[in-house]
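# Fold and contact review
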Amino acid sequence: MKILITGASSGLGAEFARQYASLENELYLLARREEKLQKLKNELQNRCKNITLIVVDVRNFNELQNKLRVLDSFDIVILNAGVSLGHSNTKIPTIQEFQNLYDVNVLSQHAVLEVVLPKMVANKSGKIVFISSLSSLFTMPSAKVYASSKRALNAYAEGIAYKYASDGINVSVMLPGFIKSELTDKNDFTMPFLLETDEGVRRMKKAIEKKKRFYAFPLRFYLIIRLLNLLPSLLRQRIVNYIN
Ligand SMILES: NC(=O)c1ccc[n+]([C@@H]2O[C@H](COP(=O)([O-])OP(=O)(O)OC[C@H]3O[C@@H](n4cnc5c(N)ncnc54)[C@H](OP(=O)(O)O)[C@@H]3O)[C@@H](O)[C@H]2O)c1
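Anyway, here's the lowdown on the structure attached to this text. None of these values were measured; they are calculated from a predicted model.

### Quick look at unusual backbone geometry
In this model, F217 is joined to P218 through a cis peptide bond whose omega is -5 degrees. As for its placement among the helices and strands, P218 is situated in the loop between strand 7 (214-217) and helix 8 (219-230). The phi torsion at K211 lies on the positive side, around 55 degrees, for a residue other than glycine. Looking at the element boundaries, K211 is found in the loop between helix 7 (197-209) and strand 7.

In structure tokens:
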């Protein structure tokens, strides 16, 4: 299989690469930090049919699309590149930070699909995996920009799933809680139900293989969020502000 993984230089993306490394698979690993990608390639190349590195900043939409345009169709596209602004209750995010986050977490996903999706549709097959977040279901005030970007991603993914189902395109949206990575290493609070990177990715890979349209985990964390969302909004607001 030909597999494109964005945000492959660290965290979940690098672990997806490790877990998809096999002699049947050709990996296309995309990120900005070339040395990290090269190190991962060195680690995995004996276990893979082929590894191609795509070094690009996904906010440079033209460059990103030009690099993808020359490639053949993919069997799996894992749209994983993402950033957060961390958690802050004191600082109002600047408009530049907001825009930067949306460029990576939302717009770049469309920039990728605009190029790769028509080829998948022509092949009448392919799998698209969106890496969203449990935070898209429940907005903590300290991470509202991030949460809103992932909620936007869910809506976009839903539309892609409905539109292209009859073209043989399978869409899965992953909604992880906390998983160890460079992104969560920055959090200075105790993260509930924190998973090790390999365990988190193993669970997502399994869900992708089962063609789950929507996979929110860990289950206990997801159920707590579902429960909180059932509460009257004033009570929910009190609880959220208390946790926050
Ligand atoms: N870890 C969690 O608990 C968790 C939970 C829910 C959802 N997620 C989501 O999972 C995804 C992966 O995050 P992670 O936790 O693995 O964090 P991470 O270790 O910080 O990885 C983020 C990846 O995105 C890439 N990236 C960021 N900005 C980019 C840009 N402008 N151009 C190209 N690539 C860029 C980074 O590569 P370069 O810096 O080399 O470009 C890196 O490979 C994100 O979408 C995140 O929102 C994570």
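### Let's talk about the layout of surface pockets
Over the atoms, a rolling probe the size of a water molecule traces out where space has been left empty. Here the second largest pocket is characterised by a volume of approximately 200 Å³. For the second largest pocket, the lining is made up of 13 residues, of which S9, S10, A14, R18 and K36 are closest to its centre. Sorting the residues of the lining of the second largest pocket by element identifies helix 1 (11-20) and helix 2 (34-44) as the ones contributing at least two each. Considered class by class, the residues forming the lining of the second largest pocket number 3 nonpolar, 4 polar and 6 charged.

### Looking at the sheet that holds strand 7
The 7 strands are arranged 3-2-1-4-5-6-7 in an open sheet whose pairing can be described as parallel. Single-partner strands in this sheet number two, and they are strand 3 (50-55) and strand 7. Shown here is a sheet whose adjacent strand axes are inclined to one another by a mean of 15 degrees, direction ignored. Bridge count between strand 1 (residues 2-6) and strand 4 (residues 76-79): 3 bridges; the pairing is parallel. Bridging from a neighbouring strand, I5 pairs with I78 of strand 4. Along the sheet, helix 3 (residues 61-69) makes contact with strand 1, strand 2 (26-31) and strand 3, crossing strand 3 at roughly 160 degrees.

Analysis parameters
Residues numbered from 1 in each chain as written. Predicted model: local features only at pLDDT ≥ 70, side-chain atom pairs only at ≥ 80, totals over all residues. Heavy atoms only, no water. Helix = DSSP H or I, 4+ residues; strand = E, 2+ residues; numbered from the N terminus. 1 Å grid on protein atoms, 1.4 Å probe; cavity = no way out; pocket = protein on both sides within 12 Å on 5 of 7 lines; lining within 4 Å. Points joined across faces, edges and corners; volume = space filled by probe spheres on them. Nonpolar A, V, L, I, M, F, W, Y, C, P; charged D, E, K, R; others polar. Pairing = 2+ DSSP bridges. Axes fitted to C-alpha atoms, helices over the stretch in contact; angles between N-to-C directions. Contact = heavy atoms within 4.5 Å.

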